[in-house]
Amino acid sequence: MSQKKKKIALLILMFNMFITMGGIGIIIPVLPSYLEKFGVGGQVLGFLIAVFAFAQFLLSPVAGDLSDRYGRKILIIGGLIVYGISQLLFGLATEVWILFLSRFLSGVGAAFIMPPIMAYVADITTIEERGKGMGMIGAAISLGFMIGPGLGGFLANVDLHFPFFLAGFVALAAAILSFVVLSNIKPQIEEANIQPRDNLIQQLVRSVKTPYFILLIVVLTFSFGIANFQATLSMFLTLKFDYSPTDIAIVITVGGFVGVVLQMFIIDKLFKRYGEMKVILVNLVVAAITMLLMIYVGGFFIILAVSTVFQISTVFIRPAANSLISKFAGADQGFAAGMNNAYMSLGNMIGPALAGVLLEWKIPSPFILGCIILLGCFVLAYSWTIKKAPKLMRAE
C-alpha cells in the first residue's frame, strides 16, 4: 500500500473511531435527565453503561478472529451499521428494557469496529510507525469522547432525543464512506485462515499464554478505574452540585480537548524518549490522585481543572498500552486487538455496574474504589516490568 493510500486509510479509520467514541460520549451528560423520564436513577445508569461493555466483552474476540480470517473492512462496515441502528433505537425508546437492548446492540457494533480498526492500523504500519499510528487512533478516541459529550449536552437543550438520532445517522454515513474508500486488509499469514476457531473461554485461556498477558491485565484494571470515573461523573455532578447537562458537557469537553491536543503533538515524542511503559506508570499514578481529589474539591473551575488532568492522564495510557500489545503480538494482530478490547470491555462492564450501586450507597465511594484500583494496576505493572521486562523501562 502506498503512503498516500495509508494516510487516507488512517484518516478514515480515525473518523470511524471518532464516530464510535462520539456516540458513546454523547449520552453521558444527557443520561441523568433522560433517565428521569423513565423514573430511574444512578443504578440503572451504571448498568446501561455496563451492558454496552458486556456486549463488547462477548463479541470483541470474535470480531478480532473474523477480521483475521475475512479482512478488516467488512467487520468495520457491519459494526457501523449495527451501531447506527442501535443509537436510533435508543432515541426512540419508550421502555427501560428497550434502552438496555439498544445499549447491548451498541456494544455489539463497537466490538466489530474497534478491534478490526486497531488490527488495520497494525497491518499498514511498520514497527517504527506503530506508536504514532496507535497514537492517532487514540487521539480519535479521545476527540470523539470529547466532542460527543459536548454535542450531547448542548443538543439536549433542543431535545433530549436529538443527540441519539444524530449519532445514529452519522454512524450510518460512516459505514457508506468506509465501503467506498477502505481497502479490505486481510491477514498476511495463511495460518489465520486454517486454525480452528476458539470460543470466548478458549481465547481467554489462550491469552494467558501470550507474552503480553500482563498488559491485558493492565488494560482490564485501568479500564475498570477509568470507566468507574466516567460512568459516575455525570451523576455525581448532578447529585452533589446540581449541574445541568451543559455544565457536565463543559467539564468533560475541556479535559478531552486538552488531552487530544497533547496526544496529537507529544505522545509519539514521549514514547520515543521514555518508552510506553513509563508513560503508562506515571499516568496511572496521576489518574489515581486526581480521581481521589474529585471528592474534596469544589467550585466549577477547580472541578474542571482536576477533571482535565484526569482525562489527560487517561488519554496517554490507552495508546501506550495499545502500542505495546501490538508490538508483542507480531503477526497475530486480529487476536491481540480482539483480546485487548475484550479485557478493556470487562473493566468497562464491571466498573460502571459497581460504581452505580456504590453511588447510591455513598456518593464518594466510586472514586475511592477507582483510586485503589488504579494504584493496584500501577503496582502490578511496575512489578512485572522490573522482574520480567526491564527493557520496557527504557525508551526503544
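Residues numbered from 1 in each chain as written. Predicted model: local features only at pLDDT ≥ 70, side-chain atom pairs only at ≥ 80, totals over all residues. Heavy atoms only, no water.

**Description of empty space enclosed by the protein**
All chains considered together, the criterion is met by 4 cavities of 30 Å³ or more. Size it by volume and the second largest cavity reaches roughly 60 Å³. Surrounding the second largest cavity, Met118, Ala119, Met134, Asn322, Ile325, Ser326, Gln333, Ala336, Ala337 and Asn340 form its lining. Within the residue set of the lining of the second largest cavity, elements represented by two or more residues are α6 (114-124), α14 (300-329) and α15 (333-361). (1 Å grid on protein atoms, 1.4 Å probe; cavity = no way out; pocket = protein on both sides within 12 Å on 5 of 7 lines; lining within 4 Å. Points joined across faces, edges and corners; volume = space filled by probe spheres on them. Helix = DSSP H or I, 4+ residues; strand = E, 2+ residues; numbered from the N terminus.)

**With respect to the domain arrangement of the protein chain**
The domains assigned to the protein chain are domain 1 (1-181) and domain 2 (210-395). Relative placement of domain 1 and domain 2: their C-alpha centres are 19 Å apart. Taken together, the contacts link 47 residues of domain 1 with 46 residues of domain 2. For the pair domain 1 and domain 2, the summed buried area comes to about 3800 Å², and 72% of that belongs to carbon and sulfur atoms. Linking domain 1 with domain 2 are 0 salt bridges. Where domain 1 packs against domain 2, one counts 0 residue pairs in polar contact (both at pLDDT 80 or more). Of all the elements in the fold, those that place two or more residues in the side of domain 1 that touches domain 2 are α2 (31-36), α3 (42-70), α5 (96-111), α6 and α7 (127-155). Residues belonging to the side of domain 1 that touches domain 2 are distributed by class as follows: 26 nonpolar, 16 polar and 5 charged. (Domains from an automatic or database assignment. Contact = heavy atoms within 4.5 Å. Buried area = accessible area lost by both parts, 1.4 Å probe. Salt bridge = Lys/Arg side-chain N within 4 Å of Asp/Glu carboxyl O. Polar contact = N/O pair within 3.5 Å; in protein donor to acceptor, adjacent residues only side chain to side chain. Nonpolar A, V, L, I, M, F, W, Y, C, P; charged D, E, K, R; others polar.)

**Quick notes on the packing of aromatic side chains**
What the rule picks out here adds up to 11 aromatic pairs. Here the aromatic rings of Tyr34 and Phe90 are separated by 5.5 Å at their centres, their planes lie at 25°, and the arrangement is stacked. You can see Tyr34 sitting in helix α2 and its partner Phe90 sitting in helix α4 (residues 72-92), a full 56 residues away along the chain. The pair formed by Tyr34 and Phe90 is uniform in burial state, with each residue classed as buried. Here the aromatic rings of Phe300 and Phe301 are separated by 5.5 Å at their centres, their planes lie at 90°, and the arrangement is edge-to-face. (Phe/Tyr/Trp six-rings, centres within 6.5 Å; stacked < 30°, edge-to-face > 60°. Buried < 20%, exposed > 50% of the residue type's maximum accessible area, 1.4 Å probe, protein only.)

**Observations regarding the packing of helix α13 (residues 276-293) against helix α16 (residues 365-388)**
The contact between α13 and α16 brings their axes to 8 Å, and the two run at 160°. As far as their axial angle goes, α16 and α13 are roughly antiparallel. The crossing of α13 and α16 is left-handed. Here Met277, Leu281, Leu284, Val285, Ala287, Ala288, Met291 and Leu292 of α13 lie close against α16, whose contacting residues are Phe367, Ile368, Gly370, Cys371, Leu374, Leu375, Cys377, Phe378, Ala381, Tyr382, Trp384 and Thr385. (Axes fitted to C-alpha atoms, helices over the stretch in contact; angles between N-to-C directions. Parallel < 35°, antiparallel > 145°, perpendicular 65-115°, else oblique. Left-handed = near helix turned anticlockwise from the far one by under 90°.)

**Brief notes about the packing of α13 against α14**
At a closest axis distance of 8 Å, the pairing of α13 and α14 adopts a crossing angle of 150°. Taken together, the axes of α13 and α14 lie roughly antiparallel to each other. As for the relative orientation of α13 and α14, their crossing is left-handed in sense. Of α14, the residues touching α13 (which contributes Glu276, Met277, Val279, Ile280, Asn283, Leu284, Val286, Ala287, Thr290, Met291 and Leu293) are Val306, Val309, Phe310, Ser313, Phe316, Ile317, Ala320, Ala321, Ser323, Leu324 and Lys327. A per-class count over the contact of α13 with α14 returns 16 nonpolar, 4 polar and 2 charged.

**Remarks on the nonpolar core**
One finds Ile137, Phe222 and Met277 to be the most contacted residues of the largest nonpolar core, which totals 115 residues. Per-element tally for this core: the top contributor is helix α11 (residues 213-241), with 14 residues. Once you skip the residues sitting within four places of it in the chain, Ile137 turns out to touch Leu10, Leu13, Met14, Met17, Ile117 and Val121. With 8 residues, the next largest nonpolar core counts Ala63, Leu66, Leu75 and Phe112 among its residues. (Core = buried A, V, L, I, M, F, W, Y, C linked by side-chain atoms within 4.5 Å.)

**Quick look at the pattern of salt bridges**
Throughout the structure, instances matching the rule amount to 2 salt bridges. Between Arg72 and Asp123 there is a salt bridge, with its nearest N and O atoms 2.7 Å apart. With Arg72 in helix α4 and Asp123 in helix α6, the pair connects residues that are 51 residues apart, well separated along the chain. Residues Lys327 and Glu276 are paired through a salt bridge, measuring 2.9 Å at the closest nitrogen-oxygen approach. Linking Lys327 in helix α14 with Glu276 in helix α13, this pair joins segments that are 51 residues apart in sequence.

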